[in-house]
Amino acid sequence: MAMRRVNVVILVLLAVAFLIIVQRNLLNLSDFLHQENTYTGAILPFESELSPDVRLEPARKGEEIPVLITAAEERLGGVVAAMNSIYQNTKANVVFTIVTLNDTVDHLKLWLSETTLKNIKYKIIIFNRELLVGKLSKDPQVLEASKPLTFARYYLPLYIPEAEKAIYLDDDIIVQGDIQELYETNLKPGHAAAFSEDCDSASAKGIVRGAGTQNNYIGFLDFKKEAIKKLGMRANTCSFNPGVIIANLTEWKNLNITEQLEHWMELNTQEDLYSKTLAESVTTPPLLIVFYKRHSAIDPMWHVRHLGTTSAGNRYSSQFVKAAKLLHWNGHYKPWGRSSSFTDVWDKWFIPDPTGKFHPVRRHPED
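This paragraph deals with the overall build of the chain. Regarding its fold elements, the chain presents 13 helices and 10 strands. Burial statistics for the chain: of 367 residues in total, 48% are counted as buried. In the chain, 78% of the contacts between residues at least 6 apart in sequence involve partners at least 24 apart. Summing over all exposed atoms, the chain offers an accessible surface of approximately 19,400 Å²; the carbon and sulfur share of this is 54%.

One pass over the full model with this rule turns up 9 salt bridges. Salt-bridge contacts for Lys 325 lead to Glu 181; the nearest nitrogen and oxygen are separated by 2.6 Å. Of this pair, Lys 325 sits in the loop between helix H12 (318–323) and strand S10 (326–328) while Glu 181 sits in helix H6 (residues 179–183), and the two are 144 residues apart along the sequence.

With respect to burial, strand S4 (residues 121–126) is a largely interior element, 6 of its 6 residues being buried. What you see with S4 is no split at all: Lys 121, Lys 123 and Ile 125 on one side and Tyr 122, Ile 124 and Ile 126 on the other are buried throughout. As defined by bridge partners, strand S3 (residues 93–100) adjoins S4 across 6 bridges and the pair is classed as parallel. By the bridge assignment, Thr 100 is partnered in S4 with Ile 126. Considered for its hand, the β-α-β crossover made up of S3, helix H3 (residues 105–113) and S4 is right-handed.

You can see Tyr 183 is positioned in helix H6. The class for Tyr 183 is buried, based on a relative accessible area of 8%. Separated by 117 residues in sequence, Tyr 183 and Pro 66 have C-alpha atoms that sit 8.9 Å apart. Once you skip the residues sitting within four places of it in the chain, Tyr 183 turns out to touch Glu 63, Glu 64, Ile 65, Pro 66, Lys 165, Ala 166, Ile 167 and Ile 246.

On to the state of the cysteines, then. Applying the stated criterion across every chain, the model contains 1 disulfide. One disulfide bridge connects Cys 199 with Cys 238, the sulfur atoms lying 1.6 Å from each other. The chirality of the disulfide connecting Cys 199 with Cys 238 is left-handed, given an S-S dihedral of about -120°. Of this pair, Cys 199 sits in the loop between strand S7 (193–197) and helix H7 (226–229) while Cys 238 sits in the loop between H7 and strand S8 (240–248), and the two are 39 residues apart along the sequence. You can call Cys 199 partly exposed: its relative accessible area is 25%. Here Cys 238 falls in the buried class, since its relative accessible area comes to 16%.

The grouping of Glu 63, Glu 64, Glu 164, Asp 178 and Glu 184 at the surface amounts to a negative patch. Turning to its location among the elements, Asp 178 is positioned in the loop between strand S6 (173–175) and H6. According to the relative accessible area criterion, Asp 178 is partly exposed, its value standing at 32%.

Further remarks concern helix H2 (residues 76–88). The terminal C-alpha atoms of H2 lie 18 Å apart, and with 13 residues this matches the ideal 18 Å at 1.5 Å per residue to within 8%. Extensive coverage of H2 is indicated by the burial of 12 of its 13 residues. Taken together, the buried positions of H2 are Leu 76, Gly 77, Gly 78, Val 79, Val 80, Ala 81, Ala 82, Met 83, Asn 84, Ser 85, Ile 86 and Tyr 87.

Here the focus is H3. Every buried residue belonging to H3 is among Val 105, His 107, Leu 108, Trp 111 and Leu 112, and all of these are buried. Buried positions in H3, seen along its axis, are confined to an arc of 165° and lie on one side of it. Among the structural elements, strand S2 (64–71), H2, S3 and S4 are those in contact with the buried residues of H3.

A separate point is the side chain of Asp 170. Of note, Asp 170 is situated in the loop between strand S5 (165–169) and S6. At 3.4 Å, the side chain of Asp 170 forms a polar contact with the side chain of Arg 153. In contact with Asp 170, not counting residues within four places along its chain, are Ile 69, Arg 153, Gly 243 and His 328.

Looking down a regular strand, the side chains alternate between one sheet face and the other. With 8 of 8 residues buried, S3 is to be regarded as a mostly interior element. The alternating pattern of S3 places Asn 93, Val 95, Thr 97 and Val 99 on one face and Val 94, Phe 96, Ile 98 and Thr 100 on the opposite face, and all of these are buried. Bridge count for S2 against S3 is 8 bridges, and the pairing is parallel. Within S3, the position partnered with Leu 68 by the bridge is Thr 97. Taking the sense of rotation as the criterion, the β-α-β connection linking S2, H2 and S3 turns out right-handed.

Attention now moves to unusual backbone geometry. Of note in the backbone geometry, Asp 272 takes a positive phi value of approximately 55° without being a glycine. When you line up the elements, Asp 272 lands in the loop between helix H9 (257–271) and helix H10 (284–290). Assessed through its relative accessible area of 36%, Asp 272 is described here as partly exposed. Phi at Phe 342 takes a positive value of approximately 55°, unusual for a residue other than glycine.

About the cut-offs
Residues numbered from 1 in each chain as written. Predicted model: local features only at pLDDT ≥ 70, side-chain atom pairs only at ≥ 80, totals over all residues. Heavy atoms only, no water. Helix = DSSP H or I, 4+ residues; strand = E, 2+ residues; numbered from the N terminus. Buried < 20%, exposed > 50% of the residue type's maximum accessible area, 1.4 Å probe, protein only. Contact = heavy atoms within 4.5 Å. Areas by Shrake-Rupley, 256 points an atom, 1.4 Å probe, with all protein chains shown as cover. Salt bridge = Lys/Arg side-chain N within 4 Å of Asp/Glu carboxyl O. Pairing = 2+ DSSP bridges. Right-handed = clockwise from strand over helix to strand, strands pointing away. Disulfide = S-S within 2.5 Å. Patch = residues over 30% accessible without salt bridge, like charges linked within 9 Å, V, L, I, M, F, W, Y side chains within 5 Å. Lys, Arg positive; Asp, Glu negative; His and termini not counted. Charge placed at Lys NZ, Arg CZ, Asp CG, Glu CD. Expected span 1.5 Å × (residues − 1). Arc of directions from axis to C-beta. Polar contact = N/O pair within 3.5 Å; in protein donor to acceptor, adjacent residues only side chain to side chain.

Here is the structure:
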């Protein structure tokens, strides 16, 4: 009888010990899951946020292709259309870095999370306006044209520090080819970036005779200024368009490209180096100086430009536009506006704003 009681006590103690072990393991598992969840939503350096890990399709694998794009509130529809066109036309592992301002973050996150773009990989970074202190002219007209986000391209290694190579894109573009091909653009040794020159033959196959002009350095810089003269640059050198940039970030850092760009911004505030005919391209002059004769070329079909000009409808045939791998509506008329050309191409990739704030402006049939 006594032995039976001992056995019962032992069994009870074993059961209690087992329950204690199970409880402890459950608590440890809970802590682990909590830590994992906290990490997923952590705020990263430069006030960035990662997209949720919950996806409706298998996550894309392979080498990451970093793409940086800026997101201004009044142009948010353009950003969404650009990202959608990139994502839908490739199977590559694209990771977007979206640089924006505080007042746009909530709107952007909602647009991405409640539409077909919920599956993309992205991080949101808040642009630090203090980076531009002392680097912009105090001329009211220049200040109006100096949108802070347009300078984000100067700071590519800051926003994508882990990458060796990256793509920068303006928000008024549509990608019709596989972004992997653009990413694989070959940069010459010692070159930190590749651009499309404004005198290249990108439009030659699609230009209608009599349309189109060329741009050169004298349209962006004042060659009467001593600081410009000392550089020994030819005024008739073809300029390039920085709306699409393929960057070797290792070379960018080695050559101190960001610091060089900032130097010319600061010097311009003191000596007014930019051309008097310069319109809204205040980000371009420093790039032209720093990359003079020191940049590689992008395949012309990967940057078909000037769709935002008044002559775009006559400049290109619809067949040429369809064949282009990247379309850029640089110029006054944006594809979400009433007077732009080839809006039907852009409309194909636009995703309606779930908040109803952004609406493309379209002509009525009777207009």
